2 protein chains.
Amino acid sequence: MDYTLLIYCVLAASLLALGFAFYFYKSMLKKDEGTDLMKKIAAHVRQGAMAYLKQQYKVVTIVFVVLAVLFGIMAAFDLQNGWVWFAFLTGGFFSGLAGFFGMKTATYASARTANAARQSLNSGLQVAFRSGAVMGLTVVGLALLDVSVWFLVLDYFIPEGADKLIIITTTMLTFGMGASTQALFARVGGGIYTKAADVGADLVGKTEYNIPEDDPRNPATIADNVGDNVGDVAGMGADLYESYAGSILATMALGASAFATSAIEGMQLKAVLAPSLIAAVGVLLSLIGIYLVKTKEGAGMTELLKALSRGTNTAAILIAIATFGIFALLFGTDTNQWWQVSLSVVVGLLAGVIIGKATEYYTSQTFRPTQKVSESSKTGPATVIISGLGLGMLSTAIPVVTVGVAIILAYLCANGFHVEFTPANLSMGLYGIGIAAVGMLSTLGITLATDAYGPIADNAGGNAEMAGLPAEVRQRTDALDALGNTTAATGKGFAIGSAALTALALLASYIEEIKMALVRMGKALPNGVEAAKATLIDFMDAYNVNLMNPIVLVGIFIGAMMAFLFCGLTMNAVGRAAQKMVEEVRRQFETIKGILEGKADPDYARCVEISTKGAQHEMLLPSLLAIIVPIVTGLVLGVAGVLGLLIGGLSTGFVLAVFMANSGGAWDNAKKYVEEGHFGGKGSDCHKATIVGDTVGDPFKDTAGPSLNILIKLMSMVSIVMAGLTVSFHLL
Amino acid sequence: MDYTLLIYCVLAASLLALGFAFYFYKSMLKKDEGTDLMKKIAAHVRQGAMAYLKQQYKVVTIVFVVLAVLFGIMAAFDLQNGWVWFAFLTGGFFSGLAGFFGMKTATYASARTANAARQSLNSGLQVAFRSGAVMGLTVVGLALLDVSVWFLVLDYFIPEGADKLIIITTTMLTFGMGASTQALFARVGGGIYTKAADVGADLVGKTEYNIPEDDPRNPATIADNVGDNVGDVAGMGADLYESYAGSILATMALGASAFATSAIEGMQLKAVLAPSLIAAVGVLLSLIGIYLVKTKEGAGMTELLKALSRGTNTAAILIAIATFGIFALLFGTDTNQWWQVSLSVVVGLLAGVIIGKATEYYTSQTFRPTQKVSESSKTGPATVIISGLGLGMLSTAIPVVTVGVAIILAYLCANGFHVEFTPANLSMGLYGIGIAAVGMLSTLGITLATDAYGPIADNAGGNAEMAGLPAEVRQRTDALDALGNTTAATGKGFAIGSAALTALALLASYIEEIKMALVRMGKALPNGVEAAKATLIDFMDAYNVNLMNPIVLVGIFIGAMMAFLFCGLTMNAVGRAAQKMVEEVRRQFETIKGILEGKADPDYARCVEISTKGAQHEMLLPSLLAIIVPIVTGLVLGVAGVLGLLIGGLSTGFVLAVFMANSGGAWDNAKKYVEEGHFGGKGSDCHKATIVGDTVGDPFKDTAGPSLNILIKLMSMVSIVMAGLTVSFHLL
C-alpha cells in the first residue's frame, strides 16, 4: 500500500473543518444584529479593526518580502534549498488568513451575541460559542491544508532518495517560520494596540472620571473594542495557527529522522504522517465536542460550564483513545512500539490538564491566591503589585515541574522505557515528546472555540453598553466572558505546555538541518564524522554542545536575556502608547464641552489613530530582534552558541511567560473580586488599588506574556532556516 | 623554595586588614556622638538591631547544626571527607561575624556621622566612609584568615599524594557553603525585616499622613532604621564575605585541577595560591585607596565624588598591574602563560566597570531612562510600574552581553587564545574566568567601604531627623547617601559580574568533586573511563551533559523556575509582613491620642516585633528550598540534571537579579527626581505615584534581587558538598 495516500485523509479533514467553519459562519450571519444603534456600533468597530489589520499587513508584508529575498539569495549560494522562500511566504499568508477570518467572524458576531443575550444566557452562549468555533475550525483547517498540500507538492517534486523525507520535512518547517513570524507581529502589534487603548480608557475613564467600562462617553471606547478584536482575536488566531502547525511540522521532522534507518519498509513515512493523522482525527473529535455544547433553555451558570467542559473533555479523552488506534494501525503490524508512543499522548494531555488546573487555581477569584491579592488592596496599590508579582512567580512551580515530568515520561514512554542515552533511544524519545505536543493541540478546533468566544462575549458586552441595552444583557455577556475565562485556562495550559514541548522538538530539527546543510555542501562534521551517518549524539560531541563549553553557556545567558529584553521592549511600547492615549482622553474630557453629559460626541477616531500608530511603530523592534539575534549568534558563536541561545530562551521564556500570564490573570480577577462587592466594592479605594494592578497586568497577560511562546519558537525556526549560513561562516 | 610559605603572606594581609579595621573602629568611637537625644536614639536602634541579630543567629544555628550532623553522617558513610562538617561551620561563623562587626560599627557610627555632619559635609563623609571601611576590611580580613588558616591546617593533616591539593581545595569549598548559607539567611531575613518596616512606614506615614521620612511620630521609624542595619549592613556584609571567599575558593580549586598534571614542579601549588595572593595584594591597595579618600574642608559634591572615585579607581588600576607582577613572579620563570592569565583580570575589571556604568545609566535620575519612569507618573502609579518593569527588563541587555564577552575573553586569554575545545584549554580557560572574578573582588576592602557607608549615612539622616537637628544636617546626610549610590553602582557591577563568573567556576568544581567521590569509592565513570584520569570533557561524555539530553533540559527548566520561585517567596514574605506593619501603624495613628501632634509617644517596640517575627518566620522556606532542591534534583536526575539545574539557575537568576535590582533602583530615584521638584514635587499626585513605584521596588532591590546572587552560588555549593550522595544514589 502507498502510505502517501494517507495524506489525503489529512486534506479531507482540513476541508471538513473549513466547511463546518463556513457553515457556522453563515448561520451566525443569519441571526439578527439587533437595533440600528447596535448595528452602527458594530460597523464602527468592524471598520476600525479591518483598517488596522490592513495597516499591519502592509508593514508585515515588507518584512516578509525582505526575508523571502534573503532566502532566495541563500538558495542561490546553496545555503538553503529553493523551496524555502516560497514555503515561508505561504506559512505567513495562512497564519495571517486565520487571524483575519477569525476577526471578521468576531466583529460580525459581537452585536448578534448581544442581541441573542437579550433573550437568554443560553442563546448568547450559542451564538458566541459557534462564532468561536469558526475561528477554531479555520485555524486547524488552514493549517492542515497547508501541511497536506505542501507535503503532496514536495513529494511530487523532490527526487527519490534516502534523504527524501528528511528534506521534505525540514523544508516544511520553513512554512512554520513564516507562520511564527506572522504570529509574532500579530501578537505584538495587536497586543500593543489593544492594551494602549484599554489602559488609556481605564485610567482616565474608570479611575479619574468614575464612568463605567465601555461607556460611549469615553473617547477610547471604540479603540478599546477594536483592540479586543485585533489583539485577542486576530492575534490569538495567528498565534495558535503557529502553535498547531509548528507542533505538527516539528514532529514530522522528528519522525523522519527517528526512523531514517528503520529496516521496516514504509516505517519512516508512517512516522512522518502520524502527527498529521492525529490532528486530522482531532478535527472530527472537535466537531463532536462542539455539537455536545448545548444546554436546555433557562440553564444556569453551572450547567453552562458543564456543557463547555463536556465538549472539551470528551474531545480530549477521545483523542487519547484514538491515538492508540492510529498508532496500532500504522505501527501495530511491524513493532510493538505503538502503545508506548501512544502513551506519550496521554502524558501530554495529563500535563495540559494539570497546568490548566494550576492556572485556574492561581488566577481565579474563587481560590485563595487571587483573593489574597485582592485583600492586599486594603493597604493600597503598592501591595497589590507586590503580592501579584509574588503570586505569578510562585505559580511557575507547578507548570515547570509538570512539563519537566512530562518531558521525561513522554521520552521514556516513546523509547520503550530505556534510560540509556543512545542515539536510537534519543530519537524515539524526542519523537514521543513531539507526539505529546501534537496530542495536546489536536483538539484545538474546540479548545480554541472556548478561548475565542470570550473576547466575542466581551465585545458583545461593549456593544450592549454603548447601545444602551438593559443592564441584564451586560450581566449576561459578562457571565459568558467569565465562563470563557475558566474553560480557557485549560486551553492555555495546553498551549503553554505544547509550546515548551514543540520548542524542544525543534532543537532536534535544528541539528537535522545542520546535517542537511553539511550533506548539501559535502562537508564532514568538525570531528571528521561523515555528516550523512552522524547521529544526534555525534553532533553534540562534534560541536561540543555540553555544559562546560563557555560558548554554550554564553548562548544560554543571551537566550535568557532575550526573553527579558523582548518583554521589556513590549512593556515599554504599551507604556508609551498608553501614555499618549491617556493624554488624549484627558484632553477630550477637558476640551470637548458636554462630553461628560453625553451631549457631545467624543472624537473616537483620534484614539483609534493613536493606538494604530503606536502599534505600527512599536512592534517592529521586538519582532525584528527575534529574527536578528539568532542569526548574529550563529555567525559569532556557531552551532554550540545557537543551541545555548535556544535553550536559554526556551527555559527562561517559558517560566517568564507563565509568571506574566498568571500575575496578569490574578490582577484582573482580583479586581473583579472587589467588584463583586468585597473590600468595599466598586468605587472604593480598594477598587482603585486593584485597577492599578489590572492595568499593570494588561500588558503582562495580553502583550508580553503570550508573545513569549511565539518568540521561543520563532528563534528556533530562524536558526533552523539559517543553519546553512551558521555552518559556513562563524567567528568562534 | 617551599611555596607553601606564600600562604603566610595571605595570613599577614588578613591580619593587616583586621588591624586597620580595628584602628578605624577605635578612632570612630572616639568621635562625639552628639546630643543626649541623638545618643538615646542611636542606642535604641543599636539595641533593636542586636536583639534581631541574636534572634536570627539562633534560628540559623539550628539549621547549621542539622546540616553539620548530616555532613558528619555522610562522612561516616564515606560520601564526604571528615573535614566537611567543621569547615562548613567555620564558614558560616565567619560570614556571620563579618555581618555582626559591620553592623556593630554602623550602629555606633550613625549618630557620630550625624554629629560630624553638623560641622560640614566633609567631616560627615570622613566618619561615614571610615566606618564603611571597617566593614570592608573586616570582610576581607576574616575571609583571608579563614582561607589561610584552613589551608595551613589541611596542608598539615592531609597526607601527601597526587590528589592532595585537589582534596584540600575541594574541602575548603565546604566552608564556602557555610558562608553562602549564612549569607542567604542574612540577606533574606534582613531583607524581609527592613522592607516590611520601610514599606509599612512609607505607605502610612508618607502617603496617608503626609509626614516626612524618619519622623519620630511614625511608629515604624525605629524598626525602619533597625532594618537598614540588619538588612543593608549585616546582610550585605555576610553576602560579600560569601562572594569574596567564594571566588577565591572556587579559583583555588580550578587551579588545583587545571595544573594537576603539570610537569613543572610546584606549578600546581602556585596556581592554587595565586588567587589568595591577588586578594592579599588587594588588601594593601585597598588601604592605599582608603587613604586617598579625603578632600579639603568646604569641598562640594563633585569634589567628594572625585575623592571617592579616586580611591576605588586607583585601587582597581593598581590591582590590574599587580596581577601581572604576581603571575610574573609565580609563573614567569616556568612558562609564558603569566601575562595571558593576567590579561583575564583586566577583562574582568573592564567588565565590572561597564556593568557599573550601565547600572548607573539605567538607575540614576541624571539619565533619561529613570527620568522617563518619573515622567510616567503623570498618568498615575500603573504607568510608573509598567515603565519601571520595562526599564529593568531592558537594562539586562548590557550586563548580560558584557558578562558573555568577558567569559569568552577571559577564557581565551588564560588558555593562550586557543579556540580548540581540549581538556587542557578548557581547564586553563576556566581558571582564567575564576581569576577574573577574583580580580574584580580583590579591592573589596575599598569598594565595600563606598557601598556600606551609604546605609550609615542614611541612618545618620534618620538620627538627625528624629533628634530634631537642623534641616541642613539632614540635607548633608542625604547628599552623602546619594553620593554613595553613585559609587556603589560600580561596586554592584563588580559584585554581579563576579557572582556570574564564580558560579561558572563552581560548575567545574562540581565535576572535580564528583571525580573525588568516585576515586574515594573506587568507582569508574559510567562509560568505564578511570575516574582519577578523567578530564572534564570525559565527564561531559560519560554523564551525557549535553543539550539534547532531556534530563539536562529538565534540570535547566527547574533551575530557571527556582530563581522565580525564590523571588516569589521572598516578595510575598515582604508583602505579608508589610501588610501587618501597615495595619499596626494605622492602628497606632488612630488609637493613640496626640500621636500626630507629637504629644504622645508611638509604640515603637510593637513595630520592631512585627518585623522581627515576620523575618524569622518567612526566611526559612526560601532559604531551605535553596538547599533542598539541589539535593533532590541530584537524587532524582543525577549528575546531568544537577548541572542543568545549576546552569538554569545561574542564567535565569543572573538576568532576573539585574532586572530586579535595576527596576528597584530606577523607581527609588524616579521618586527622588520628583522630590527634587519635577512634575509637581513633593506631595503632588506624581509624587504619590512614584512612591508606589518605590515601594514595589523595595523588595525588588533589597530583598529578592540581592539574594539571587547568593542563591545561585549556594545551589552550586550544596551540589558540590552532596556530590558523593548524587554519585551513589540517583533515580534516572
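Residues numbered from 1 in each chain as written. Chains lettered and ligands numbered in written order. Predicted model: local features only at pLDDT ≥ 70, side-chain atom pairs only at ≥ 80, totals over all residues. Heavy atoms only, no water.

1. Quick look at the overall build of chain A
Now for step 1: Each helix and strand counted, chain A has 20 helices and 0 strands in total.
Now for step 2: Expected size for 732 residues packed as a compact globule is a radius of gyration near 27 Å; at 25 Å, chain A falls within 12% of this value.
Now for step 3: Along the longest, intermediate and shortest principal axes, the C-alpha atoms of chain A span 80 × 55 × 45 Å.
Now for step 4: Across the 732 residues in chain A, those meeting the buried criterion constitute 70%.
Now for step 5: Summarising the internal contacts of chain A: among those between residues at least 6 apart in sequence, 83% fall at separations of at least 24.
Now for step 6: Carbon and sulfur atoms make up 63% of the accessible area of chain A, which totals about 22000 Å². (Helix = DSSP H or I, 4+ residues; strand = E, 2+ residues; numbered from the N terminus. Rg over C-alpha atoms; globule rule 2.2 N^0.38 Å. Buried < 20%, exposed > 50% of the residue type's maximum accessible area, 1.4 Å probe, protein only. Contact = heavy atoms within 4.5 Å. Areas by Shrake-Rupley, 256 points an atom, 1.4 Å probe, with all protein chains shown as cover.)

2. Overview of the interface of chain A and chain B
How big an interface is tends to be stated in terms of the accessible area lost upon association of its parts.
Now for step 1: If you look at the interface, chain A gives 82 residues, while chain B gives 82 residues.
Now for step 2: Taken over both partners, the interface formed by chain A and chain B buries close to 7000 Å², and the fraction arising from carbon and sulfur atoms is 85%.
Now for step 3: For the pair chain A and chain B, the interface holds 5 residue pairs in polar contact (both at pLDDT 80 or more).
Now for step 4: Put simply, the parts of the chain that give the side of chain A that touches chain B at least two residues each are α11 (381-394), α12 (397-414), α13 (423-441), α15 (471-521), α16 (536-542), α17 (550-591), α18 (604-675) and α19 (685-721) of chain A.
Now for step 5: When its residues are assigned to classes, the side of chain A that touches chain B shows 60 nonpolar, 18 polar and 4 charged. (Buried area = accessible area lost by both parts, 1.4 Å probe. Polar contact = N/O pair within 3.5 Å; in protein donor to acceptor, adjacent residues only side chain to side chain. Nonpolar A, V, L, I, M, F, W, Y, C, P; charged D, E, K, R; others polar.)

3. So, a nonpolar patch on the surface
Residue and element names in this part refer to chain B.
Now for step 1: Where nonpolar side chains cluster on the molecular surface, the patch consists of Leu624, Ile628, Val632, Leu635, Val636, Phe729 and Leu731 and spans about 590 Å² of accessible area.
Now for step 2: Its location among the elements puts Val632 in helix α18 (residues 604-675).
Now for step 3: Residue Val632 is classed as partly exposed on the basis of its relative accessible area of 43%. (Patch = residues over 30% accessible without salt bridge, like charges linked within 9 Å, V, L, I, M, F, W, Y side chains within 5 Å. Salt bridge = Lys/Arg side-chain N within 4 Å of Asp/Glu carboxyl O.)

4. Points about the pattern of salt bridges
Now for step 1: Inspection of the entire model under this criterion finds 56 salt bridges over all chains.
Now for step 2: A salt bridge links Asp668 of chain A to Lys701 of chain A; the shortest N-O distance between them is 3.7 Å. Residue Asp668 of chain A is found in helix α18, and its partner Lys701 of chain A is found in helix α19; the two are separated by 33 residues along the sequence. Assigned by exposure class, Asp668 of chain A and Lys701 of chain A land together as buried.
Now for step 3: Across the pair Asp702 of chain B and Lys195 of chain B runs a salt bridge whose closest N-O atoms are separated by 3.0 Å. Here Lys195 of chain B lies in helix α5 (residues 164-208) and Asp702 of chain B lies in helix α19 (residues 685-721), a separation of 507 residues in the sequence.
Now for step 4: Under the relative-accessibility criterion, Asp702 of chain B is labelled buried at 15%.
Now for step 5: The exposure class assigned to Lys195 of chain B is buried, which follows from its relative accessible area of 3%.
Now for step 6: Among the ionic contacts, a cluster of salt bridges with common partners joins Lys195, Asp198, Asp668, Lys672, Asp698, Lys701 and Asp702 of chain A.

5. Description of helix α14 (residues 444-466) of chain B
All names here are of chain B.
Now for step 1: With 23 residues, α14 should reach 33 Å at 1.5 Å per residue; the first-to-last C-alpha distance of 33 Å fits that figure.
Now for step 2: Within α14, 21 of the 23 residues are buried, which leaves it mostly tucked inside the rest of the structure.
Now for step 3: Looking one or two residues past α14, Gly468 carries a phi angle of roughly 70 degrees, positive in sign. (Expected span 1.5 Å × (residues − 1).)

6. Regarding the packing of aromatic side chains
Now for step 1: All chains considered together, the criterion is met by 59 aromatic pairs over all chains.
Now for step 2: For the pair Phe64 of chain A and Phe88 of chain A, a centre-to-centre distance of 4.7 Å together with 25 degrees between the ring planes defines the contact as stacked. Taken as a pair, Phe64 of chain A in helix α2 (residues 36-76) and Phe88 of chain A in helix α3 (residues 84-119) lie far apart in primary sequence, 24 residues in all. Take Phe64 of chain A and Phe88 of chain A: they sit in the same class, and that class is buried.
Now for step 3: Relative to Phe557 of chain B, the ring of Phe654 of chain A has its centre 5.5 Å away and its plane inclined at 85 degrees; by these criteria the two rings are edge-to-face. Of this pair, Phe654 of chain A sits in helix α18 while Phe557 of chain B sits in helix α17 (residues 550-591), placing the two residues on different chains. For the pair formed by Phe654 of chain A and Phe557 of chain B, the shared burial category is buried.
Now for step 4: In textbook terms, an aromatic cluster arises when at least three aromatic residues are bridged by ring pairs, as seen for Phe564, Phe659, Trp667 and Phe700 of chain A together with Phe564, Phe659, Trp667 and Phe700 of chain B.
Now for step 5: Across the ring face of Tyr291 of chain A, the terminal group of Arg130 of chain A is positioned such that the distance to the ring centre comes to 4.9 Å. (Phe/Tyr/Trp six-rings, centres within 6.5 Å; stacked < 30°, edge-to-face > 60°. Lys NZ or Arg CZ within 6 Å of the ring centre and 35° of its normal.)

7. Points about the relation of the copies chain A and chain B
Now for step 1: Screw-axis analysis of chain A against chain B gives a translation of 0.0 Å along the axis, an RMSD of 0.0 Å, and a rotation angle of 180 degrees. Expressed as an axis order, the relation between the two copies is that of a two-fold axis. Distance from the rotation axis, computed per C-alpha, reaches its smallest value in chain A at Asn546 of chain A: 2.1 Å. (Least-squares fit on C-alpha atoms with pLDDT ≥ 70 in both.)

8. Re the packing of α18 of chain B against α19 of chain B
Residues and elements named next belong to chain B.
Now for step 1: Following both chains from N to C, one finds α18 and α19 inclined at 155 degrees, their axes separated by 6 Å at the closest point. Between α18 and α19, the interaxial angle falls into the category roughly antiparallel. As α18 runs across α19, the sense of the crossing is left-handed.
Now for step 2: Split into classes, the residues belonging to the contact of α18 with α19 amount to 28 nonpolar, 13 polar and 5 charged. (Axes fitted to C-alpha atoms, helices over the stretch in contact; angles between N-to-C directions. Parallel < 35°, antiparallel > 145°, perpendicular 65-115°, else oblique. Left-handed = near helix turned anticlockwise from the far one by under 90°.)

9. Notes on the confidence of the model for chain A
Now for step 1: Scored by pLDDT, chain A comes out at a mean of 91, with 99% of its residues at no less than 70.
Now for step 2: The complex model carries a pTM of 0.95, and its ipTM stands at 0.95. (pLDDT = per-residue confidence, 0-100.)

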